[in-house]
Structure formats: C-alpha cells, structure tokens
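If you want the building blocks of each chain, they are given just below.
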Amino acid sequence: MSVLTVTGLSQRFLDKQLYQDASFQVNEADHLGVVGQNGVGKSTLIKILTGSLEPDAGTIVWKKHLNVGYLDQYVNLKPGQTIMEFLRTAFASLYAKEAKMNEIYADYAADPDDELLEKAGTLQQELEANELYDLDTKIETVATGLGLDAIGLDHPVDALSGGQRSKIILAKLLLEKPDMLLLDEPTNYLDVSHVEWLTGWLQEFEGAFIVISHDFDFLEQVTNAILDIEFGTITKYTGSLHQPCGKKRPITRPT
Ligand SMILES: Nc1ncnc2c1ncn2[C@@H]1O[C@H](COP(=O)(O)OP(=O)(O)OP(=O)(O)O)[C@@H](O)[C@H]1O
Ligand SMILES: [Mg+2]
C-alpha cells in the first residue's frame, strides 16, 4: 500500500532543471535510498516532501494520519537544557500524562474519591503499556548507539558542535519512532561503529523511510529500493545497489 504518491513533480532553480514531470510512489514497506550526483536535487526533494519548499509543479499526496519524522537541523534547542532533557522531549506526551496521573493521585490523597483512583489507574496502565519506566534505558541505548555517551548526557545542548547537534537531533527522531522517516545524510558525523549501530536500527525499523546517502555500503545494507535522480528524471528501482564493472549504481527493474 502506498504511503506517498508524487505525481508530475517539476522543480528548477534559475537555469537548472532538477526534475521534470517526475512521478513515483513510496509503499509502506519501502526502505528507500536516494542517490544522485552532488547538486542533483536530493535534499531539495526531501524539502518538497516535508512541505518546506513548494515545487514549481506537481502533487505530493501522503497517506492520511501518517506520522512523518524528519531530521530538522534548525530545530530550536533550549539553552541550559541537558542532552538527556532534550532526548526526553521525544516522549513529551507520556511525561505530560505522568504529571496528570500524579496530580490525580494528589487530589485523591486530599479527597479519597473512588472515581479519581480509577482515572489515575487507567492512566497508570496506559503509561506502563507505553513503557514509561523504561524510557531512560531506551534513551541510553540510542545515545550510546550514536556515540552521545562520549559527550555525556548531562552536557548542556547549547555547548555542542554542529556534528554533535546533528547527532542529538537524530537520536531524538529515532526515539520518537514516527511511522515514516525522512533522513538526509544521517551518517554524516558518525564514526564507523555508530554507522553500524544505525544500520541495525534501520534494518529493524518497521515503518517506511527515505534516506539520502553517498555511502553505498550503508545504502546497500539498509535499503530495499532506490530513487535515482539523474538528468532531470527520478527513477525508482526495487532491489538494491550493486557494482557492475566496478561502478556503483542502481540495478533491476524500474517500477
Ligand atoms: N533555495 C535555492 N535557491 C536556488 N538554488 C538552490 C536552492 N536550493 C538548492 N539550490 C540548488 O539546487 C541544486 C540542488 O541542490 P540540493 O541541495 O537539492 O542537491 P543535493 O542533491 O542534495 O546535493 P548534495 O549531494 O551535494 O547534498 C544545487 O545546484 C543547489 O545549489
Ligand atoms: Mg544534499
């Protein structure tokens, strides 16, 4: 089933036509890699898909109620907040419910009304089902996987380098586990061991994703389809990349 349908997409900047009347679909099991030369329009495509750039022509139709997450490098980091506090914001709605539950328990202590106890109990069950009490462990697993433990989770977010900043934004996105991910070069700034960890995470991810990368070994491992942008066209191939005559390029049948 399709989660995204792009039809008749055209975009040009000055005299450079990035794509002309391009159409493709993304299905719910697609782990899609985007390849193409530098400046061909890969990042621009993600900007169009997220709605941050209005294309010259074309329609972008997302499946209804699909929760799409993308790496927003311009996200505001609150000065003074620690990395751990920032990562906990991935679960903001669960923490808000926990605060609400505690409030109800406090009300019950002041006025023992069974209805209050029932309400708090329902919330507690929901929070336990969502593993509220394991969230810090989840955060630590992702943080270690991406190498954030080396910086220290109590490190303030306003004193981070650009690379560290990218890593914490990626970590938060993975913790949020949206239905679909849009990732523009997520392995930038990651060491080999952290790329390996991310590879495993993406292989196990149950939703769809679109990932731009120049790292063909990484793409080979995490994708099951490729979008190739070349000469103003976007072609979708199922299957993976391989290297005929030593040249890495997508193979197999266009869909
Ligand atoms: N807002 C803009 N105004 C004018 N030109 C732009 C704009 N955004 C991108 N471009 C140009 O469009 C082309 C495609 O840019 P884009 O960043 O999408 O390429 P890319 O495929 O992601 O490249 P890379 O592999 O280097 O990341 C480039 O030539 C870029 O300079
Ligand atoms: Mg780019």
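Predicted, not measured: the structure shown is a model, and the values here were computed from it. (Residues numbered from 1 in each chain as written. Chains lettered and ligands numbered in written order. Predicted model: local features only at pLDDT ≥ 70, side-chain atom pairs only at ≥ 80, totals over all residues. Heavy atoms only, no water.)

> Can you lay out the environment of L123 for me, pointing to particular residues and giving the numbers?
Locating L123 in the fold gives a position in helix α4 (residues 114–129). Remark: the alpha-carbon pair of L123 and A208, spanning 85 residues in sequence, is separated by 30 Å. If near-sequence neighbours (up to four positions away) are discounted, L123 is found in contact with K97, K100, M101 and I104. (Helix = DSSP H or I, 4+ residues; strand = E, 2+ residues; numbered from the N terminus. Contact = heavy atoms within 4.5 Å.)

> Tell me what's going on with the site of ligand 1, and back it up with residues and numbers.
Among the 13 residues in the neighbourhood of ligand 1, the closest are listed as G39, K42, S43, T44 and H214. Within the contact set of ligand 1, an oxygen atom lies 2.8 Å away from a backbone nitrogen or oxygen of G39. S43 places a side-chain nitrogen or oxygen 2.8 Å from an oxygen atom of ligand 1. Considering ligand 1 on its own, with 640 Å² of exposed area, one finds that the protein chains cover 60% of that surface. Listing elements by their share of the shell around ligand 1, those giving two or more residues are β2 (16–27) and α1 (42–50). The biggest single contributor to the shell around ligand 1 is α1, with 3 residues. (Near = heavy atom within 4 Å. Polar contact = N/O pair within 3.5 Å; in protein donor to acceptor, adjacent residues only side chain to side chain. Areas by Shrake-Rupley, 256 points an atom, 1.4 Å probe, with all protein chains shown as cover.)

> Can you break down helix α5 (residues 135–145) residue by residue, with the values?
Buried within α5 are the following residues: L135, I139, V142, A143 and G145. Each buried residue of α5 lies within a common arc of 160° when the element is viewed along its axis, so the set occupies one face. Tucked inside the fold, the buried residues of α5 contact α2 (83–88), α3 (92–110), α6 (162–176) and α7 (192–204). Taken from the residues just after α5, G147 is the one with a positive phi, measuring 85°. (Buried < 20%, exposed > 50% of the residue type's maximum accessible area, 1.4 Å probe, protein only. Arc of directions from axis to C-beta.)

> Quick rundown of the sheet that holds β2? Include the residues and the values.
Spatial ordering of the open sheet is given by β2-β1-β4, a layout of 3 strands whose pairing is antiparallel. Two strands in the sheet have a free side with no partner beyond their single neighbour: β2 and β4 (57–62). Adjacent strand axes in the sheet meet at a mean angle of 10°, parallel and antiparallel pairs treated alike. (Pairing = 2+ DSSP bridges. Axes fitted to C-alpha atoms, helices over the stretch in contact; angles between N-to-C directions.)

> Describe the confidence of the model for the protein chain, and please don't skip the residues or the numbers.
Per-residue pLDDT for the protein chain has a mean of 91; in total, 94% of the residues score no lower than 70. For the stretch residues 243–248, pLDDT sits under 50, and the model shows 6 contacts to residues farther than four places along the chain or on other chains. (pLDDT = per-residue confidence, 0-100.)

> Help me get a handle on the pattern of salt bridges, residues and values and all.
Applying the stated rule across the entire model yields 7 salt bridges. For E126, the salt bridge identified is with K97, shortest N-O distance 2.6 Å. Taken as a pair, E126 in helix α4 and K97 in helix α3 lie far apart in primary sequence, 29 residues in all. (Salt bridge = Lys/Arg side-chain N within 4 Å of Asp/Glu carboxyl O.)

> Would you mind going over the sheet that holds strand β8 (residues 225–230) in detail, with residue names and values included?
What the 6 strands build is an open sheet, ordered β5-β6-β7-β3-β8-β9; its pairing is mixed. Whereas interior strands pair on both sides, the edge strands pair on one side only; in this sheet they are β5 (68–70) and β9 (233–238). Averaged over all neighbouring strand pairs, the angle between strand axes comes to 15°, with direction disregarded. Relative to strand β7 (residues 208–212), strand β6 (residues 180–184) runs parallel, the two being bridged by 5 bridges. Pairing of D184 across the sheet is with I212, part of β7.

> Break down the pairing of β7 for me, citing the residues and quoting the values.
The buried fraction of β7 amounts to 5 of the 5 residues, a majority that puts the element mostly inside the structure. With burial as the criterion, each face of β7 is covered, one bearing A208, I210 and I212 and the other bearing F209 and V211. Note that strand β3 (residues 31–35) and β7 share 4 bridges and pair parallel. Following the sheet pairing, G33 is matched in β7 by V211. On the question of chirality, the crossover connecting β6 to the parallel β7 by way of α7 is right-handed. (Right-handed = clockwise from strand over helix to strand, strands pointing away.)

> So what's going on with unusual backbone geometry? Which residues, and what values?
Of note, D21 is a non-glycine position whose phi angle comes to about 55°, a positive value. For D21, the position within the fold is in strand β2. Located in the positive-phi region is E185, a residue other than glycine, with phi close to 50°. Its location among the elements puts E185 in the loop between β6 and α7.

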